[in-house]
Amino acid sequence: MNNRSIDLEVGGSTACYSVPVGPVHPALKEPIRFQFELDGERIVGVDIKPGFVHRGIEYMGMRRNLIQTLYLAERICGICSISHPLAFTQAVENAAGIEVPPRAQYIRTIIGELERIHSHLLWAGIGAHELGFDTLLHLVWKVREKAMDLLEQLTGNRVDYAIPIFGGVRRDIPKEKAPLAYEALDYYKRLLQDLIDAFLHDKSVEMRTRNIGVMTYDQAVALCAVGPTTRASGVKKDVRVDMPYLAYADMDLHAITPEDYGTEPIGDVFDNIIVRLLEVGQAIEIIEFCLENLPEGELTSIPKVPALLAALKKASGEGIGRHEAPRGEVFHYVRLEEDVEEMAVWKVRAPTYGNLIGWVPKFLGDEVADIPIVAASIDPCMCCMDRVHLVDGVGAESVKTKTELVRLSREKTRRICG
Amino acid sequence: MSATIVHAVWQGIVILFGGALLGMVYKGFDRKLAAQMQGRIGPPLRQPFYDVVKLMVKENVVPDHAVGWLYNLMPLLSLAAVGTLLFYLPLGGFKPLLGGYGDLILILYLLAVPSLAMVVGGFAAGSPFATVGAQREMVMMMAYEFPLAITFLSIAWRLSVVLPGQPIFSLTTLAANPLWGLVGPIGFIGLLLLFLSLFIVTPAELAKIPFDIPEAETEIAGGLLAEYSGRNLAMFYLGDAIKMVAMASLMVALFFPYGLANLFHVTGAWGGLIDVAFFLVKVFVVIFVAVITVRVGFARLKVGQVTRLFWLPVTGVSLLGMLLLALDRFV
């Protein structure tokens, strides 16, 4: 680790006053607290305090049967409402050794990529709003509606699509619905260049985002950033490419970095916009590939729910599931025990967790006016990420070191295992 | 004598209410048109009236840390300043009510008062967001006041050369003698440059995007206005609406004072009516081009970027305009 340590100090300045931002602030869509050390308008230090929206979802999930928990997994995040179930089903299938038919894998991929389109457009709109560019916000969100409409037509819901189930999917994409999808994809293909023009060729957007919120290649690698945040720094890291799953293995994919746009990666907010907009184009291609090559066959390997529950109850073992969510890698770990309906362990690592510490190099050296856009640049999702809440040590604010946390979690594991 | 005073008071009340009414109507258009351009439906045109009425009946909260009297005084001062401003502007074909008692320099000061009132109010509010907003507003004022002053003074000076002996700093004289026809080609280019710099200063003076830095909702939660509520906020809101009209009328008076009545040889009441209607259209066009389209088309800039923009290019353009006007005199 030492050879990878990175410099997170800003030289030549002293903090004169500190300004708190959050947990409630118009720039933040979800509660988190930043304590900024400022030298004039320049940020010379930042402390991040998450933990305002811990919901105990893992605990709840370990007290329900697996199908009930699937619904819960879907509700970890409102935007990544397919990414968490995708990772979760893969983890359980991995643990229980359930096969997924090819058609189901393709349908999962299609919904997952549609989610990427709407999530990236949502992010672009929020980014524009943080810059004070509300026109772009309204236009982008209007465009986003097409993806939401298509998702509703394919799955019945705008969010929480309820598509994956252990061993397959719950709804088919029949042939007669394919034209709807093609129409939406054509719509986005036509508009993508307009969106790229609106964001990347706009002088005022460039003035506000170029060289702002920089995370260098080395910092991104050392801090284990994930998703578009790390790809904007030029790190070619993408679960879909590195460890292909679902339908991704069948296609020729590459991790999108600013190099695809023809610029050298800097890792600033502008590069984040480039990567996310280009990924919308990539998602369109992936969906088209999946629609064209949609294999015939079963939707799920165990169609009857009681049979599925029985099979899961018999299963035992560990499983992991990873999915490249729009925000980055989402990781689920599951341990099943024989003759127990509930999971023994469920561990969720949302992408924001990986990107959280990347905020520190991004904020340092920026100005107060950059706080909203830099905070938004990693596309944070606090309530998906909050997984720890200290309930003892009442009243006193306490910070636990890594060693203490390891000790505490070992104690907890021993307690669970009895 | 007393009849004149009664007449003046009566006129003053009409101008004040008319200005406020006009400001809110234009604000309604501003919101509706901006919404349409952004692909939204937008509020009804009378929304600003609803807003002011609602704010007037809402509780007027004074934060614990605020300097109470200063905090409450500033909205009033802001409204009073823009109200006074209305008395100095030639609205339509009418002579300004107080035209004989002040000049362009006074107008410059009156334009600065609402911003200063917001700065003092922001500091008096005792909130960190308001303080940051107040600091930003001060920096902004330092940035845009210089090109604004250059524009005003150059035009007045050039006119004094053309019309010696006239009260050249009076806006009435300026409006009655549009410079465009009185200068040569070099002066014409100079005037164009001055117009350009005033055009860029207008959204900054009115604190609209891309220069809404002191309020910056996503950054400092409304900044200067973060703590204001109820009646105080309504007064700032009204002041902002009137200032928009005042700034646009000023631009009209300096650069497009032409009337239609003479063109169509209409005199009397009908002529006045045509001129007033044409004036309202001109003000609308200025607001539409200089405020609405600009605020729809840009992202918010940072205070450092704005300062650089105004100190170097905009001041440069206005100085060049002044230089060309001066050259024009000697050619």
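The text that follows walks through the structure, step by step, so that each part is easy to find. As the structure is a computational prediction, the values presented were derived from the model and not from experiment. (Residues numbered from 1 in each chain as written. Chains lettered and ligands numbered in written order. Predicted model: local features only at pLDDT ≥ 70, side-chain atom pairs only at ≥ 80, totals over all residues. Heavy atoms only, no water.)

**Describing the overall build of chain A**
Point 1. A count of helices and strands for chain A gives 17 helices and eight strands.
Point 2. For 418 residues, the compact-globule estimate of 2.2 N^0.38 gives 22 Å, and the C-alpha radius of gyration of chain A, at 22 Å, lies within 12% of that figure.
Point 3. Across the 418 residues of chain A, 56% fall into the buried class.
Point 4. Considering only intrachain contacts with a sequence separation of at least 6, the fraction spanning at least 24 residues in chain A is 70%.
Point 5. Per element, the accessible surface of chain A, about 17500 Å² overall, is 53% carbon and sulfur.
Point 6. If you average the places of the 47 positive and of the 60 negative side-chain charges in chain A, the two averages end up 6 Å apart. (Helix = DSSP H or I, 4+ residues; strand = E, 2+ residues; numbered from the N terminus. Rg over C-alpha atoms; globule rule 2.2 N^0.38 Å. Buried < 20%, exposed > 50% of the residue type's maximum accessible area, 1.4 Å probe, protein only. Contact = heavy atoms within 4.5 Å. Areas by Shrake-Rupley, 256 points an atom, 1.4 Å probe, with all protein chains shown as cover. Lys, Arg positive; Asp, Glu negative; His and termini not counted. Charge placed at Lys NZ, Arg CZ, Asp CG, Glu CD.)

**Let's talk about the pattern of salt bridges**
Point 1. Enumeration according to the criterion identifies 31 salt bridges over all chains in this entry.
Point 2. The closest approach of N and O atoms between A:Lys189 and A:Asp186, which form a salt bridge, is 3.9 Å. Taken together, the residues A:Lys189 and A:Asp186, both in helix 6 (residues 178-200) and three residues apart, mark about one turn of the helix.
Point 3. With relative accessibility at 37%, the residue A:Asp186 sits in the partly exposed group.
Point 4. With a closest N to O distance of 3.1 Å, B:Arg295 and B:Asp30 form a salt bridge. Here the residue B:Arg295 occupies a position in helix 10 (residues 268-297), and B:Asp30 occupies one in helix 1 (residues 2-37), the gap between them amounting to 265 residues. (Salt bridge = Lys/Arg side-chain N within 4 Å of Asp/Glu carboxyl O.)

**Examining unusual backbone geometry**
Point 1. A cis amide bond, omega 5°, links B:Ile209 with the succeeding residue B:Pro210.
Point 2. Summarising the element assignment, B:Pro210 is placed in the loop between helix 7 (185-205) and helix 8 (217-220).
Point 3. Positive phi values are uncommon outside glycine, yet A:Asp339 reaches one of about 65°.
Point 4. Inspection of the secondary structure puts A:Asp339 in the loop between strand 7 (328-336) and strand 8 (343-349).
Point 5. In this structure A:Asp339 comes out as exposed when scored by relative accessible area, which is 57%.

**Comments concerning the state of the cysteines**
Residue and element names in this part refer to chain A.
Point 1. A complete count under the given rule lists one disulfide over all chains for this structure.
Point 2. Free of any disulfide, Cys290 has its nearest cysteine sulfur in Cys80, 19 Å distant.
Point 3. Residue Cys383 stays outside any disulfide, its sulfur separated by 4.5 Å from that of Cys384, the closest cysteine.
Point 4. Overall, Cys383 belongs to the buried group, its relative accessible area being 16%. (Disulfide = S-S within 2.5 Å.)

**Looking at helix 3 (residues 83-96) of chain A**
All names here are of chain A.
Point 1. In a regular helix each residue adds 1.5 Å, so 14 residues correspond to 20 Å; helix 3 covers 20 Å between its end C-alpha atoms and thus fits that length.
Point 2. The buried fraction of helix 3 is high, at twelve of 14 residues.
Point 3. When helix 3 is considered as a whole, its buried residues turn out to be Ser83, His84, Pro85, Leu86, Ala87, Phe88, Thr89, Gln90, Ala91, Val92, Glu93 and Ala95.
Point 4. Phi turns positive, to about 70°, at Gly97, one or two residues after helix 3. (Expected span 1.5 Å × (residues − 1).)

**Some words on the packing of aromatic side chains**
Point 1. Tallied over the full model, the rule gives 18 aromatic pairs over all chains.
Point 2. Each ring, one from B:Tyr144 and one from B:Phe310, has its centre 6.5 Å from the other, and the planes form 65°; the classification is edge-to-face. Here the residue B:Tyr144 occupies a position in helix 5 (residues 128-162), and B:Phe310 occupies one in helix 11 (residues 303-330), the gap between them amounting to 166 residues.
Point 3. The interplanar angle of 50° and the centroid separation of 6.2 Å between the aromatic rings of B:Phe195 and B:Phe199 together place this pair among those described as tilted. Of this pair, B:Phe195 and B:Phe199 both sit in helix 7, separated by four residues, roughly a single helical turn.
Point 4. Judged by relative accessible area, which is 22%, B:Phe199 ranks as partly exposed.
Point 5. Through successive ring pairs, a cluster of aromatic residues spans A:Phe34, A:Phe36, A:Trp359 and A:Phe363.
Point 6. Directly above the ring of A:Tyr187 sits A:Lys146, whose terminal nitrogen or CZ lies 5.4 Å from the centroid.
Point 7. One cation-aromatic arrangement involves A:Arg240 over A:Tyr248; the distance from NZ or CZ to the ring centre is 5.8 Å. (Phe/Tyr/Trp six-rings, centres within 6.5 Å; stacked < 30°, edge-to-face > 60°. Lys NZ or Arg CZ within 6 Å of the ring centre and 35° of its normal.)

**Some words on the packing of helix 3 (residues 68-88) of chain B against helix 4 (residues 104-125) of chain B**
A pair of packed helices is captured by two measures, namely the crossing angle of their axes and the spacing between those axes.
Residues and elements named next belong to chain B.
Point 1. Across the interface, helix 3 lies against helix 4 with an axial gap of 8 Å and an inter-helix angle of 165°. By the criterion of interaxial angle, the relationship of helix 3 to helix 4 is roughly antiparallel. Pair helix 3 / helix 4 crosses with left-handed handedness. Here helix 3 contributes Leu70, Tyr71, Met74, Leu77, Ser78, Ala81, Val82, Thr84, Leu85 and Tyr88 to the contact with helix 4, which in turn contributes Leu106, Ile107, Leu110, Leu111, Val113, Pro114, Ala117, Val120, Gly121, Ala124 and Ala125. (Axes fitted to C-alpha atoms, helices over the stretch in contact; angles between N-to-C directions. Parallel < 35°, antiparallel > 145°, perpendicular 65-115°, else oblique. Left-handed = near helix turned anticlockwise from the far one by under 90°.)

**Quick notes on the sheet that holds strand 8 of chain A**
Residue and element names in this part refer to chain A.
Point 1. One open sheet holds the three strands; their spatial order is 6-7-8, and the pairing between them is antiparallel. At either margin of the open sheet sits one strand with a lone partner, and together these are strand 6 (317-325) and strand 8. Averaged over all pairs of adjacent strands, the angle between strand axes in this sheet comes to 10°, irrespective of strand direction.
Point 2. As paired elements, strand 6 and strand 7 share nine bridges and run antiparallel to each other. Considered in strand 7, the bridge of Gly317 is made with Leu336.
Point 3. Along the sheet, helix 3 contacts strand 6, strand 7 and strand 8; its crossing angle with strand 6, the most-contacted strand, is approximately 155°. (Pairing = 2+ DSSP bridges.)

**Some details on the layout of surface pockets**
Point 1. Taken as a whole, the second largest pocket encloses approximately 1100 Å³ of empty space.
Point 2. Looking at the second largest pocket, it is lined by 38 residues, and the ones nearest its centre are B:Lys27, B:Lys208, B:Asp212, B:Glu215 and B:Arg295.
Point 3. The set of elements that each furnish at least two residues to the lining of the second largest pocket consists of helix 5 (134-155) of chain A together with helix 1, helix 4, helix 8 and helix 9 (230-255) of chain B.
Point 4. In terms of residue count, helix 9 of chain B provides more of the lining of the second largest pocket than any other element does, six residues in total.
Point 5. Tallied by class, residues from the lining of the second largest pocket come to 14 nonpolar, nine polar and 15 charged. (1 Å grid on protein atoms, 1.4 Å probe; cavity = no way out; pocket = protein on both sides within 12 Å on 5 of 7 lines; lining within 4 Å. Points joined across faces, edges and corners; volume = space filled by probe spheres on them. Nonpolar A, V, L, I, M, F, W, Y, C, P; charged D, E, K, R; others polar.)

Interpretation note: all reported values are geometric properties and have no functional meaning in isolation.
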